[in-house]
Structures are given as C-alpha cells and as structure tokens.
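Next come the chains, spelled out residue by residue.
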Amino acid sequence: MTKQERRKTALIFAVIAAVFMIGAILTGGGAGEEESIQQVMRDAVLHDLNKVSLFGLIDVNPGLMAGFIVSGILIVFALICRIFVIPKFKMVPGKFQLVLETAVGLFDNMSKGNSKIHGFLGAYIFAAGAYIFTGTLFELFGVQAVTTGGVSISLPAPLSDINGAIMMGCLSYLVIMSGGIAGNGIKGIGKTLKEYSLPISLSFRLFGALLSGALVTELVYYYPKLSYVLPVLVGVLFTLLHALIQAYVLTMLTSLFYGQVSDNTPKPLKEKKRRKGRKAEAESAAAGEAAAA
Amino acid sequence: MTGVPLNIDWQQILLHLFNFTILFGALYILLYKPVRDFMAKRTAYYADMDTRAEDALKAAEESRASYDEKVRGFDEEVRAERSKLNKEIAESRDRQMAAAKADAEKIVSNARTEAEREKEEIIASAQKEITDMVTGAMEKLTLEQSASDAFDQFLDAAEKEK
C-alpha cells in the first residue's frame, strides 16, 4: 500500500467515524435519560434495582443470568470440541489443537508444579480459569436482557455480581481445604483454617477487579460523547487484560495455597533446635563415656 | 434480604455454585480429560519411541562391539590357521622330500644292481664269445697245421688257464 492509498483509507475511516458521532449526538442522550449515572453505578454494585427473571421462577441479579449464559457457551464449545475436534487430534498438532492443548497443559502443569498431591486441582483451575476469562470477556458483547422493570440492560460479567464472586472465592477455599485433607488429614483442615482470610480475599479481589471494570465501562458508555475511541482502550484492552489477569491470579493463588496446605514433608529443624539437639547428643555421649570409665 | 451488606443473597450464591458445578463437570468430561489423556498418550508414545530408539542404539553398539570382537577373533583365527597351514606345508614338504629321497635311493640301488647284473652278463657273454672265438681260431689253426695233438695241447692249455 502506497502512502497516498494509506492517507485515502485513513480519511475514509475518519469520515465514517465522524458520521457516526454526529448521528449519535443528533439522536439525543439515549440510556442516560432513563437512569442517572449515580443509579447505574449504584446498581452495578448493589444490584438492587435491575433484576432479571430466572425462567419466571425468581428474580435474580443479571450477573447470575450472565453466568448461566457463559456456562452454556462454554459447555456447547466443549461439546463441539469433543465431538468434532478431539477425535481428529493428531500427534503433530494443528493450530486449534495447539490452543486447546496449551490451555489444558497450562493448568495441568500449574497444578502439578505447585502441589505433589494434585488430584482434581488441575480440572478445577481449568474450569475456574475458563469461567473467569470467558465471563469477563462476555461483558464486551453487550448481550441484552430485559429487567423485571421492563428496562433493557446489557448483561455484566458473572463475577461482577458479589454472589458469583463469593461463590468462586469460597469454592476455591473449599478446594484448597480438600487438598489439605488429602495431604495431611485432619491436620490439613487446621492448616487451611489458619488462612481464614482467604475466602474473603479471593472473593473480594475478584469482585473488586471485575466491578471496577464494569463501573469504568458503565461510566464511559453512559455518555455518548465518550463512546468513541475511548471504549477501544477501556472496553476492549482493559477487559482483555483483566480477563487474563484475574483468571491467572485466582488459579495461581488457588494452586499455590493448595500446594502449601497439602504439603506433608516435615519442616527442617531450626538452627537453634539443631544446636540444642547437638548439645544434648554430646552430653549423652560424654555421660556414656563416663559411665563406661 | 435487608441487613446483609452489598445485597449478598445466599440463594443466588447457591445458584452460582450449581451453575459452576455443572460447568466444572462438563468441562472436565468433555474437554479437560480427553485433551489431557491425549497429551499423556502422546507423551507415552514419544517416550516409548525414545526408549525403542535407545534400545536400538544400544543393540547397534552391542552389535558393533560384537562385530569388532569377531573381527579381532577372525584375525587371530586367520593367524592360527596360517601358522597351522605353514606347519602342515612344512611337514608335507619334509614327507615328500623323504619319500623322494627314499625313491631316489631305491632307484639308484636298483640301477646299481641292474648295472652289476648287466656287467656280469656282458662279461659272461664276452668270455663266451672270446672262448668261442679262440676255440674257432684254434680249430682253424689245428686243422691247418695238423692234427689233433695240437688241438689236444691247446685244449689242455685252455683247461690250465681255467
């Protein structure tokens, strides 16, 4: 592509963007008219305004609905892979096979690398990583749902719902505890309970990270004038980045603590104790010699 | 749910848990386990191939060592065989020489005997011829001069000479 052609393309792109911007400004405030930014942000944190009906049974937070959809997407994807891709796996992998193997291998190795007794840890962190990553990316697509109040909203990330984050944090803690029991029996429970702040830190780390992302996105999208160029950064790049980071952080922490509480190798004696032990040995040897004399 | 901070709802936590449990099970059965099994199978396949290659290499090295050993043994064998053959050749040569010597001695002895015999025959024949010749000559002489006295004298002389 020559310099002139590049300029021409850039000009066309700028004209199209300008047309969209003018159109957006002329068509009015949009979503901002129905809810104030304060209400939107408060609802993103507390979920007390907009509820979604779960098959007409109960009213739930939109995050739970998003969770079901994300799970559905992942299960369908896994099913398609199982039926059409995995039976055709080759010894020398193709691109897609390589992606699947890398994903599975990453979590499998993470579990093996952090713990001698890893049991189902690899499978758990694989599922958790896939759920967090896909769930976080899910908010990018702006899947629409209608609230019980008849308002159309875009579904947030499942883990930006405090209930989802608590579930993930507590479940990870239980998995860590199961590792403690597998490695040290009853003593493992005590070892895990020593880290009593873990479920809270795991839950609120996830909730805080995803909620902050959701809040920034809400803030940006609330004002049409901010909806150009800026969403590329805050909407796409930040979402992609924190999808990766949060998936990695939770899985890494879970496997690290799992390894720590399931570790059953005896701790090496401290220097002082060792010195004491040597002194006692020397004294007993001296006493033995004296007795022999 | 008044009084619970951040509107935490236990029912929804359980629903999230239910959702994630199903997802965990499905991902484990449909994706994680088959892919991991395949990777393990491939690792085993290449490990097996590696073991077989190592075994083959080991066998080749053993075979080479055995070949070298055989070559060394063969050289020894050739040397031993050569020495044995040389010895046999020497023995055979000696035997042949002895036989030839014996044959030669026998031939020489036979030739001597034959020559002696022929010599005696020739001498005998010559004596007989001389005798006949002398006898004839004397007869002639006797007949020419006279008589049988002379002839008898000659016979007596001949008898004396004998």
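Note: the structure precedes this text.
All of the points below concern the structure found in this document. Computed from a predicted model, the values in this text were never measured in an experiment.

Okay, the overall build of chain B next. Counting secondary structure elements, chain B contains two helices and zero strands. Here the C-alpha atoms of chain B give a radius of gyration of 63 Å, more than 25% beyond the 15 Å that 2.2 N^0.38 yields for 162 residues. In terms of principal-axis extent, the alpha carbons of chain B reach across some 200 × 25 × 15 Å. Relative to its full complement of 162 residues, chain B shows a buried share of 13%. Carbon and sulfur atoms provide 58% of the accessible area of chain B, an area that totals close to 13,000 Å². Separation of charge centres in chain B, based on 24 positive and 33 negative side chains, amounts to 12 Å.

Before going further, it helps to spend a moment on the overall build of chain A. Per the secondary structure count, chain A includes 10 helices and four strands. Ordered by position from N to C terminus, the α and β elements of chain A give α-α-β-β-α-α-α-β-β-α-α-α-α-α. Looking at the 293 residues of chain A, the share that counts as buried comes to 39%. A fraction of 67% describes how many contacts in chain A between residues 6 or more apart in sequence connect residues 24 or more apart. Entry remark: accessible area of chain A is about 16,600 Å², with carbon and sulfur atoms responsible for 69%.

With that out of the way, let us pick up the packing of helix α8 (residues 198-222) of chain A against helix α9 (residues 230-262) of chain A. How two helices pack is summed up by the angle between their axes together with the distance between the axes. Residue and element names in this part refer to chain A. Viewed as axis vectors pointing N to C, α8 and α9 meet at an angle of 175 degrees, and their least axial separation amounts to 10 Å. As far as their axial angle goes, α9 and α8 are roughly antiparallel. Residues L198, L202, R205, L206, A209, L210, G213, V216, V220 and Y221 of α8 lie in contact with α9, whose contacting residues are L230, P231, V234, H242, Q246, V249, L250, L253 and F257.

All names here are of chain A. Running from N to C, helix α4 (residues 95-114) and helix α5 (residues 121-141) point in directions that differ by 130 degrees, and their axes come no closer than 8 Å. The angle between the axes of α4 and α5 places the two elements in the oblique class. Relative to α5, α4 is oriented so that their crossing is right-handed. Within the contact between the two elements, α4 uses A103, V104, F107, M110 and S111 and α5 uses L121, G122, I125, F126 and G129.

In this section: the interface of chain A and chain B. Contacts between chain A and chain B engage 54 residues on the former and 31 residues on the latter. For the pair chain A and chain B, the summed buried area comes to about 3,700 Å², and 77% of that belongs to carbon and sulfur atoms. Our enumeration of links across chain A and chain B arrives at one salt bridge. A salt bridge links R42 of chain B to E101 of chain A; the nearest nitrogen and oxygen atoms lie 2.3 Å apart. At the surface where chain A touches chain B, the tally comes to 10 residue pairs in polar contact (both at pLDDT 80 or more). Elements supplying a minimum of two residues to the side of chain A that touches chain B: α2 (37-46), β2 (58-60), α3 (62-85), α4, α5, α6 (162-184) and α8 of chain A. Take the side of chain A that touches chain B: its biggest share by element is 12 residues, from α3 of chain A.

Summarising the element assignment, E118 of chain B is placed in helix α1 (residues 10-145). Looking at E118 of chain B, the relative accessible area reads 39%, which means it is partly exposed.

Another aspect to go through is the packing of aromatic side chains. For the structure shown, the criterion picks out 12 aromatic pairs over all chains. A centroid spacing of 6.2 Å and a plane angle of 90 degrees characterise the contact between F77 of chain A and F96 of chain A, whose relative ring orientation is edge-to-face. Taken together, the positions of F77 of chain A in helix α3 and F96 of chain A in helix α4 put the pair 19 residues apart, joining distant regions of the chain. Take F77 of chain A: its relative accessible area is 35%, and that puts it in the partly exposed class. F96 of chain A sits in the partly exposed class, given a relative accessible area of 37%. Aromatic side chains F107 of chain A and F126 of chain A sit 5.9 Å apart centroid to centroid with 70 degrees between the ring planes, which places their arrangement in the edge-to-face category. Residue F107 of chain A is located in helix α4, and its partner F126 of chain A is located in helix α5; the two are separated by 19 residues in the primary sequence. An aromatic cluster of three or more residues is present, and its members are F107, F120, Y124, F126 and Y131 of chain A together with F20, F24, Y28 and Y32 of chain B.

Let us now look at unusual backbone geometry. With a phi close to 50 degrees, F55 of chain A is a non-glycine residue in the positive phi region. Its place among the elements puts F55 of chain A in the loop between β1 (52-54) and β2.

About the thresholds
Residues numbered from 1 in each chain as written. Chains lettered and ligands numbered in written order. Predicted model: local features only at pLDDT ≥ 70, side-chain atom pairs only at ≥ 80, totals over all residues. Heavy atoms only, no water. Helix = DSSP H or I, 4+ residues; strand = E, 2+ residues; numbered from the N terminus. Rg over C-alpha atoms; globule rule 2.2 N^0.38 Å. Buried < 20%, exposed > 50% of the residue type's maximum accessible area, 1.4 Å probe, protein only. Areas by Shrake-Rupley, 256 points an atom, 1.4 Å probe, with all protein chains shown as cover. Lys, Arg positive; Asp, Glu negative; His and termini not counted. Charge placed at Lys NZ, Arg CZ, Asp CG, Glu CD. Contact = heavy atoms within 4.5 Å. Axes fitted to C-alpha atoms, helices over the stretch in contact; angles between N-to-C directions. Parallel < 35°, antiparallel > 145°, perpendicular 65-115°, else oblique. Left-handed = near helix turned anticlockwise from the far one by under 90°. Buried area = accessible area lost by both parts, 1.4 Å probe. Salt bridge = Lys/Arg side-chain N within 4 Å of Asp/Glu carboxyl O. Polar contact = N/O pair within 3.5 Å; in protein donor to acceptor, adjacent residues only side chain to side chain. Phe/Tyr/Trp six-rings, centres within 6.5 Å; stacked < 30°, edge-to-face > 60°.

Bear in mind that shape data such as this cannot, by itself, settle questions of function.
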